[in-house]
Amino acid sequence: GHGAASAFGRVACLVLDEADQLLALGFRRPVEAVVASLRRAAHPAAPPWQTLLFSATLRGDVRSLAAAARRGCAPPTAA
């Protein structure tokens, strides 16, 4: 509903911890749905949210998820 869209518009940081485990447990579609909702709710005048992805491994599916989360965003930077 409108409340959920409004809440997604206020997100400053999306943290995907144990991303490899999320994928192994079958949560790829829900994670992609969250990212899509963030994109739809993003206000052009608001700063974009940050996505932090943590994973013990960087298998192909984890890299693919990271790429999907970054699509349309600035390239990642190292701290």
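Above: the structure in question.
Residues numbered from 1 in each chain as written. Predicted model: local features only at pLDDT ≥ 70, side-chain atom pairs only at ≥ 80, totals over all residues. Heavy atoms only, no water.

A.B. asks: Can you help me understand unusual backbone geometry in this one?
C.D. replies: When glycine is set aside, most residues are seen to have a negative phi, and most peptide bonds are trans. Its identity is not glycine, yet E18 carries a phi of approximately 55°, on the positive side. Structurally, E18 can be placed in the loop between β1 (13-16) and α2 (19-24). You can call E18 partly exposed: its relative accessible area is 41%. (Helix = DSSP H or I, 4+ residues; strand = E, 2+ residues; numbered from the N terminus. Buried < 20%, exposed > 50% of the residue type's maximum accessible area, 1.4 Å probe, protein only.)

A.B. asks: It is not clear to me how the pairing of β1 should be interpreted in this structure. Could you clarify?
C.D. replies: Strand residues, when the strand is regular, have side chains that alternate between the two faces of the sheet. Side-chain alternation along β1 places L14 and L16 on a buried face and C13 and V15 on a face that remains uncovered. For β1 and strand β2 (residues 50-53), the ladder comprises four bridges, and the chain directions are parallel. Within β2, the residue paired with V15 across the bridge is L52. (Pairing = 2+ DSSP bridges.)

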